[in-house]
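One letter stands for each residue in the lines below.
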Amino acid sequence: MKDNILSHIKSDLPAGLVVFLVALPLCLGIALASGAPLFSGLISGIIGGIVVGSLSGSHISVSGPAAGLTIIILNAIEDLGSFQALLAAVVIAGIIQLILGLSKAGIVSHFFPSSVIKGMLAAIGIILILKQIPHAVGYDADFEGDFSFFNLMERTLFRN
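Conventions we followed
Within each chain, residues carry numbers counting from 1 in the order of the written sequence. Selection of residues for local features in this predicted model requires a pLDDT of at least 70, selection of side-chain atom pairs for listing and counting requires 80 or more, and totals for whole chains, interfaces and linings are taken over all residues. Side-chain measures here rest on the full set of heavy atoms in the structure, leaving out hydrogens and waters. Where helices and strands are cited, they refer to DSSP runs of H or I of at least four residues and of E of at least two residues respectively, numbered from the N terminus. Here the expected span of a helix is defined as 1.5 Å times the quantity of residues minus one. The reported bend at a residue is simply the angle between two axes, fitted to the 7 residues ending at it and to the 7 residues beginning with it. Categorising residues by exposure relies on relative accessible area from a 1.4 Å probe, with only protein chains included: less than 20% of the type maximum marks a residue as buried, more than 50% marks it as exposed, and the intermediate range marks it as partly exposed. Only heavy atoms enter the contact rule, under which two residues are in contact if any of them lie within 4.5 Å. Patch building starts from residues that exceed 30% relative accessible area and form no salt bridge, then joins like charges within 9 Å and nonpolar side chains (Val, Leu, Ile, Met, Phe, Trp, Tyr) within 5 Å. The Shrake-Rupley method, run with a 1.4 Å probe sphere, supplies the accessible areas, and residue values consider only the shown protein chains as cover. Salt bridges are defined as contacts in which a side-chain nitrogen from Lys or Arg sits within 4 Å of a carboxyl oxygen from Asp or Glu. With a 1 Å grid laid over protein atoms only, a set of points is called a cavity when a 1.4 Å probe fits there but cannot get out and a pocket when it is open yet has protein on both sides within 12 Å along at least five of seven lines; lining residues have an atom within 4 Å of a point. Grid points are joined across faces, edges and corners, and a volume is the space filled by probe spheres set on the points. Each residue gets one of three labels, nonpolar for Ala, Val, Leu, Ile, Met, Phe, Trp, Tyr, Cys and Pro, charged for Asp, Glu, Lys and Arg, and polar for the others, Gly among them.

Peer 1: Where do I start with helix H5 (residues 114-136) in this structure?
Peer 2: Along an α-helix, a turn takes 3.6 residues, which lines up residues three or four apart on a common side. Here H5 contains 23 residues, and its C-alpha end-to-end distance of 32 Å stays within 8% of the 33 Å for a straight helix at 1.5 Å per residue. With its phi angle positive at about 90°, glycine 138 sits one or two positions after the end of H5.

Peer 1: What should I look at first to understand helix H1 (residues 9-34) in this one?
Peer 2: The end-to-end C-alpha distance of H1 is 35 Å, a good match for the 38 Å that 26 residues give at a rise of 1.5 Å each. A maximum bend of about 25° is found in H1 at alanine 23, where proline proline 25 lies one to four positions downstream. Buried within H1 are the following residues: Cys27, Ile30, Ala31 and Ser34. Buried residues belonging to H1 abut helix H2 (38-55) and helix H3 (70-80). Where H1 ends, the next residue or the one after it, glycine 35, has phi of about 80°, a positive value.

Peer 1: What should I look at first to understand a nonpolar patch on the surface in this one?
Peer 2: On the surface, Phe39, Ile43, Ile46, Ile47, Ile50, Val51 and Leu55 cluster together into a nonpolar patch covering about 700 Å² of accessible area. Looking at the secondary structure, you find leucine 55 in helix H2.

Peer 1: What's the story with the layout of surface pockets in this structure? I'm lost.
Peer 2: Over the atoms rolls a probe the size of a water molecule, and its path tells where empty space is left. Its volume calculated, the second largest pocket comes out at about 760 Å³. Considering the residues around the second largest pocket, the lining is formed by 28 residues, among which Ser40, Ser44, Pro65, Ala66 and Ile73 are closest to the centre. Elements with a minimum of two residues in the lining of the second largest pocket: H1, H2, H3 and helix H4 (83-102). Considering every element that reaches the lining of the second largest pocket, the biggest residue donor is H2, with nine residues. Grouping the amino acids of the lining of the second largest pocket by side-chain chemistry returns 16 nonpolar, 12 polar and no charged.

Put into structure tokens, the structure is as follows:
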């Protein structure tokens, strides 16, 4: 017999509040770092939480924004010219994903070497560590200019 959705409200409400308080600044920060409007970070966190919570079937599923994709979104907004163009591209990509999912095309993922994925994750980790070194040693002369690191990375890696 399935429990009533409100049968665990006494424990679910505080847990949901804690997850919200952790996710809210993360969603806003990722939106800011991506060059997207802050409201889009809030909406994506809410929609993502509802969709993942509804479809996962797990009692402990938590979703949130991916910090590793911020530079990709920032570059996409710059290349496409506007945030609205990015949203249109995301909708088109979602439709393509649905079509590929319905046609069982996920088997293609077996052709991507795991070393590529591990390399991307390692690069993200290295960037995060390098960004924190000045803070760790107490040198934070230009704490508002932290985005200059991204500008340097973009000029050296993505524009050559």
